[in-house]
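What follows is each chain in one-letter form.
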Amino acid sequence: MDAAQIDQVRRFNRTVTERVGALQDHYLARGRPIGEARLLWETGEQGQDVRRLRERLGLDSGYLSRLLRSLETDGLVTVEPHPGDRRVRQVRLTEAGRAERAVLDGRSDELAGSLLAPLNTAQRARLVTAMAEVDRLLTAVTVTLDAVDPNHPEARHCLRSYSGELAERLETGFDPERSLLPDVGELRMPRGLFLIARLHGEPIGCAGLKLLPDSVAEIKRMWVATHARGLGLGRRFLAELEVYAREHGRGVLRLDTNRMLTAAISLYHATGFEEVPAFNDELYADHWFEKRISSESSG
């Protein structure tokens, strides 16, 4: 990053916050700040628990509590223990809250229209396309990668999702019992690594690394949820695993994949992996890849 890039980001932030009215205490002329309005949107018709709201919006717990108290005082939401788990507080819209949310939706549509109205057709298309790209990139930087135990509930969730998708996509189906799944201990530090990608606190991807004794590290079970694809998570996983493997003295990364996973195959080619002869007897593999990652080869 250079100074010009930082300056452009700051100008963009100032323009957006000014133009959408985020600087005003009476957002959309409704007598409340944008934070309270956003809580009404995020709570939705089905309600939401407080922890999810905090993770979704990235709010400090104290500030979130103050916003919720203000909405409760105005009769727009209720905050009560969840009937299934009294440790969890759940937010729900009241009838007045649903009516207020409908008004905010209408005024938000008007604001969006006011941004587009001064532009000609071509300019509108450019702006909407640029907004979609900015939204995608800002979402990408919101994703975190965390090392977890492969027995962690979110790790098991991702691995089940991985297996379920392969069962649908592969011509032969997919049975985990017939695949060369690594032992859980082989993906646990220091023998390996298991990463979880999270977006707003929700697991959306995983990738494992198995450190072998012969200066080789093997990537296993890399998966990204369908709705999170296009955020560059595959490249991030590969980069993180490569760094970890190199730091632990491995000079070669390898992996295998199925011919039906064409996007994955393209990713491996684009990130420096080369196809090699089969190095295992994985039932579901059609392609085998390796990448030299030693300091000598990368220099």
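Scroll up to find the structure this text is about.
Heads up: these notes are all about the structure in this document. (Residues numbered from 1 in each chain as written. Predicted model: local features only at pLDDT ≥ 70, side-chain atom pairs only at ≥ 80, totals over all residues. Heavy atoms only, no water.)

**What to know about the overall build of the protein**
The number of helices and strands found in the protein is 10 helices and 10 strands. If one aligns the C-alpha atoms of the protein with their principal axes, the spans along those axes are about 65 × 50 × 35 Å. Taking all 299 residues of the protein together, the buried fraction comes to 37%. Sequence-distant contacts in the protein: of pairs separated by 6 or more residues, those separated by 24 or more amount to 59%. Carbon and sulfur atoms provide 52% of the accessible area of the protein, an area that totals close to 17100 Å². (Helix = DSSP H or I, 4+ residues; strand = E, 2+ residues; numbered from the N terminus. Buried < 20%, exposed > 50% of the residue type's maximum accessible area, 1.4 Å probe, protein only. Contact = heavy atoms within 4.5 Å. Areas by Shrake-Rupley, 256 points an atom, 1.4 Å probe, with all protein chains shown as cover.)

**Let's talk about the packing of helix α2 (residues 34–43) against helix α4 (residues 61–73)**
Axes are the key here: two packed helices are described by the angle between their axes and the distance separating the axes. It is the contact of α2 with α4, at a shortest axis distance of 10 Å, that shows an interaxial angle of 80 degrees. Relative to α4, the element α2 is oriented roughly perpendicular. Packed against α2, whose contacting residues are Gly35, Glu36, Leu39 and Leu40, the element α4 presents Leu64, Leu67, Leu68, Ser70 and Leu71 at the interface. Residues belonging to the contact of α2 with α4 are distributed by class as follows: six nonpolar, two polar and one charged. (Axes fitted to C-alpha atoms, helices over the stretch in contact; angles between N-to-C directions. Parallel < 35°, antiparallel > 145°, perpendicular 65-115°, else oblique. Nonpolar A, V, L, I, M, F, W, Y, C, P; charged D, E, K, R; others polar.)

**Focus: the packing of helix α8 (residues 233–247) against helix α9 (residues 262–270)**
Contact pair α8 / α9: the axes reach a minimum separation of 11 Å and the direction vectors enclose 50 degrees. With respect to α9, the axis of α8 lies oblique. Seen from above, α8 lies across α9 with right-handed handedness. For the pair formed by α8 and α9, the contact residues are Gly234, Arg235 and Leu238 on the first element and Leu267, Tyr268 and Ala270 on the second. Within the contact of α8 with α9, the residues separate by chemical class into four nonpolar, one polar and one charged. (Left-handed = near helix turned anticlockwise from the far one by under 90°.)

**What to know about the packing of aromatic side chains**
Across all of its chains, the model carries five aromatic pairs by this definition. Their ring planes at 90 degrees and their centres at 6.2 Å tell us that Tyr162 and Phe174 sit as a pair that is edge-to-face. Within this pair, whereas Tyr162 is found in helix α7 (residues 153–169), its partner Phe174 is found in the loop between α7 and β5 (192–199), the two being separated by 12 residues in sequence. For Tyr162, a relative accessible area of 13% gives the class buried. With 4.8 Å between their ring centres and 50 degrees between their planes, Phe174 and Tyr284 make a pair best called tilted. A residue pair is termed long-range when its members are at least 10 positions apart, and Phe174 in the loop between α7 and β5 and Tyr284 in the loop between β9 (274–275) and β10 (287–292) qualify at 110 residues. (Phe/Tyr/Trp six-rings, centres within 6.5 Å; stacked < 30°, edge-to-face > 60°.)

**A look at unusual backbone geometry**
Geometrically, the link from Met189 to Pro190 is a cis peptide bond, its omega value of 10 degrees lying close to zero. Within the fold, Pro190 resides in the loop between α7 and β5. A positive phi angle, near 65 degrees, is found at Ser215, a position not held by glycine. Within the secondary structure, Ser215 sits in the loop between β6 (202–211) and β7 (216–224). A relative accessible area of 34% places Ser215 in the partly exposed class.

**A word on the sheet that holds strand β3 (residues 85–93)**
Reading across from one edge, β1-β3-β2 is the order of the three strands in this open sheet, with antiparallel pairing throughout. In this open sheet, the two edge strands, each paired with only one partner strand, are β1 (48–49) and β2 (77–82). Judged from the six bridges that link them, β2 and β3 form a sheet pairing that is antiparallel. Looking across to β3, one finds that Val77 is bridged to Leu93. Contacting β2 and β3, α4 runs over the sheet at an angle of about 120 degrees to β2. (Pairing = 2+ DSSP bridges.)

**Focus on the environment of His152**
Mapped onto the elements, His152 comes out in the loop between β4 (144–147) and α7. Through-space distance from the C-alpha of His152 to that of Ile196 is 9.9 Å; in sequence the pair is 44 residues apart.

**Looking at the sheet that holds β4**
Pairing between the strands of a sheet is mediated by backbone hydrogen bonds and can be parallel or antiparallel. Spatial strand order, β4-β5-β6-β7-β8-β10-β9: seven strands in an open sheet with mixed pairing. Pairing within the sheet leaves two strands with one partner each, and these edge strands are β4 and β9. Direction of pairing for β6 relative to β7: antiparallel, over a ladder of six bridges. Note on β7: the bridge partner recorded for Gly208 is Lys220. Taken strand by strand, α7 contacts β5, β6 and β7, and its axis lies near 80 degrees from that of β7.

**Brief notes about α8**
Taking 1.5 Å per residue as the helical rise, α8 with its 15 residues ought to reach 21 Å, and the 21 Å between its terminal C-alpha atoms agrees with that figure. Where α8 is concerned, the buried positions are Leu233, Gly234, Phe237, Leu238, Leu241, Glu242, Tyr244 and Ala245. Immediately downstream of α8, the backbone of Gly249 shows phi near 80 degrees, a positive value. (Expected span 1.5 Å × (residues − 1).)

**Digging into the nonpolar core**
Nonpolar side chains tend toward joint burial in soluble globular proteins. Among the nonpolar cores identified, the biggest contains 46 residues, and Ile204, Leu209, Ile219, Leu233, Phe237, Leu253 and Phe273 are the most heavily contacted of them. Listing elements by their share of this core, those giving two or more residues are α7, β5, β6, β7, α8, β8 (252–257) and α9. When sequence neighbours within four positions are dropped, the list of residues in contact with Leu209 reads Glu186, Leu187, Gly192, Leu193, Ala217, Glu218, Ile219, Leu241, Tyr244, Ala245 and Leu253. (Core = buried A, V, L, I, M, F, W, Y, C linked by side-chain atoms within 4.5 Å.)

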